[in-house]
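Secondary and tertiary structure notes
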Amino acid sequence: KCFDKEAVIRVIFKNCKMTGTTFMDSKLENVQFLECSNKYVNFASASMTNVIIKDSDFEETSFLSTKIKNLEIDNVKFKGAEFISTALKDVDFSNSDIYGAKFDVNSLKDMVIDSMQASVLVGLLGVKIKD
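These lines cover the structure that appears in this document, whether it is placed above or below. Numbering of residues starts from 1 in every chain and runs along the sequence as written. Per-residue local features of the predicted model are confined to residues with pLDDT of at least 70, and side-chain atom pairs are confined, for both listing and counting, to 80 or more; whole-chain, interface and lining totals are unaffected and use all residues. To obtain the side-chain values, all non-hydrogen atoms of the structure were included, while hydrogens and water were left out.

Some thoughts on the pairing of strand β2 (residues 27–34)
Consecutive residues of a regular strand have side chains that alternate between opposite faces of the sheet. Short version of the rule: What makes two strands pair is DSSP finding at least two bridges between them. Under the scheme used here, helices are H or I runs from DSSP no shorter than 4 residues and strands are E runs no shorter than 2 residues, and both carry numbers assigned from the N terminus.
The pairing of strand β1 (residues 7–14) with β2 spans 7 bridges and is parallel. Within the sheet, the bridge partner assigned to Ala7 lies in β2 and is Lys27.

Description of the sheet that holds strand β5 (residues 67–77)
Note the cut-off: Lines are fitted to the C-alpha atoms to define the axes, a helix being fitted only along its stretch in contact, and any angle between axes, read from their N-to-C directions, falls within 0 to 180 degrees.
Across the sheet, which stays open at both edges, the 4 strands sit in the order β1-β2-β3-β5 with parallel pairing between neighbours. The sheet is open, and its two edges are formed by β1 and β5, each paired on a single side. When the angles between neighbouring strand axes are averaged without regard to direction, this sheet yields 5°. Bridge count between strand β3 (residues 47–57) and β5: 9 bridges; the pairing is parallel. Each bridged residue has a counterpart across the sheet, and for Lys54 the counterpart in β5 is Asp74.

What about the packing of aromatic side chains?
Within a pair of aromatic rings, the relevant descriptors are the distance that separates the centres and the angle that separates the planes. Cut-off, in case you're wondering: Pairing of aromatic side chains here covers Phe, Tyr and the six-membered ring of Trp, requires ring centres within 6.5 Å, and sorts the geometry by plane angle: under 30 degrees stacked, over 60 edge-to-face, intermediate tilted. Each ring is checked for a lysine NZ or an arginine CZ that lies within 6 Å of its centre and within 35 degrees of its normal; such an atom marks a charge sitting over the ring.
With the rule as written, the count across this model stands at 18 aromatic pairs. Ring pairing ties together the aromatic residues Phe3, Phe13, Phe23, Phe33, Phe43, Phe58, Phe63, Phe78, Phe83, Phe93 and Phe103, which thus form one cluster. Over the ring of Phe3 we find Lys1; its NZ or CZ atom is 5.5 Å from the centre of that ring.

Some words on the pattern of salt bridges
Quick note on the threshold: Salt bridge, as applied in this entry: a Lys or Arg side-chain nitrogen positioned within 4 Å of an Asp or Glu carboxyl oxygen. Note on exposure labels: buried denotes an accessible area under 20% of the residue type's maximum, exposed denotes more than 50%, and partly exposed covers the range between, all computed with a 1.4 Å probe on protein chains only.
According to the stated counting rule, one finds 4 salt bridges in the structure shown. For Lys39, the salt bridge identified is with Asp57, shortest N-O distance 3.9 Å. You can see Lys39 sitting in the loop between β2 and β3 and its partner Asp57 sitting in strand β3, a full 18 residues away along the chain. Taking relative accessible area as the criterion, Lys39 reaches 29% and is therefore assigned partly exposed. Here Asp90 ties to Lys89 by a salt bridge, and the two come within 3.4 Å at their closest N and O atoms.

Some details on the state of the cysteines
Note on terminology: a disulfide is the covalent bond linking the sulfur atoms of two cysteines. Rule in force here: For this text, the term disulfide refers to a pair of cysteine sulfurs within 2.5 Å.
Tallying each qualifying case throughout the model produces 0 disulfides. Free cysteine Cys2: the closest other cysteine sulfur is in Cys16, separated by 16 Å. Overall, the relative accessible area of 46% leaves Cys2 in the partly exposed class. Cys16 takes part in no disulfide bond, and the closest cysteine sulfur to it belongs to Cys36, at a distance of 4.5 Å.

Some words on the sheet that holds strand β6 (residues 82–84)
The strand order β4-β6-β7 describes an open sheet built from 3 strands, whose pairing is parallel. Both edges of this open sheet fall to β4 (62–64) and β7 (102–103), since each of them pairs with a single strand only. Two elements, β6 and β7, share 2 bridges in a ladder whose sense is parallel. Bridging from a neighbouring strand, Phe83 pairs with Phe103 of β7.

Quick notes on a nonpolar patch on the surface
Filter applied, for reference: Here the term patch refers to residues with relative accessible area over 30% and no salt bridge, with like charges joined within 9 Å and nonpolar side chains (Val, Leu, Ile, Met, Phe, Trp, Tyr) within 5 Å. To be clear on the numbers: accessible area is Shrake-Rupley with a 1.4 Å probe, and residue cover counts the displayed protein chains and nothing else.
Taken together, Val105, Leu124, Leu125 and Val127 make up a surface patch of nonpolar side chains, about 340 Å² in accessible area. As for its placement among the helices and strands, Val127 is situated in the segment after α2 (115–122). Residue classification places Val127 among the partly exposed positions, given a relative accessible area of 42%.

Here it is in structure tokens:
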């Protein structure tokens with residue numbers, strides 16, 4: 001499905017299989033993704049406001065130059081997802097799977113993670129951890 005350049009407002013996607021869906025240059029406002037399989041979704045240049053993603057699979061999803069305001073995530077798989085030029089300030093990833101996700105340095109600033117995730121992300125900065 002293609003939602004490019006669309007306004008998606010007050011929508012709940014529940015138990016949806018949206019593999020390969022695109023939301024490029026779209027506006028998502030007051031949207032929920034609940035128990036969804038959303039692999040390979042593209043949110044490039046999208047604007048997301050008051051979005052909840054819960055108990056879902058967003059593996060290999062692209063967040064390129066995505067504008068985010070008030071994103072709540074809970075138990076989401078982001079393996080292989082890309083967050084590039086996407087400010088993640090105050091987005092709490094602490095109970096989600098970000099192993100193998102790709103972040104640029106600017107996107108990492110002020111995001112919330114747990115101590116186990118810290119060791120994964122510090123490698124992106126070229127830092128090696130010695131026990």
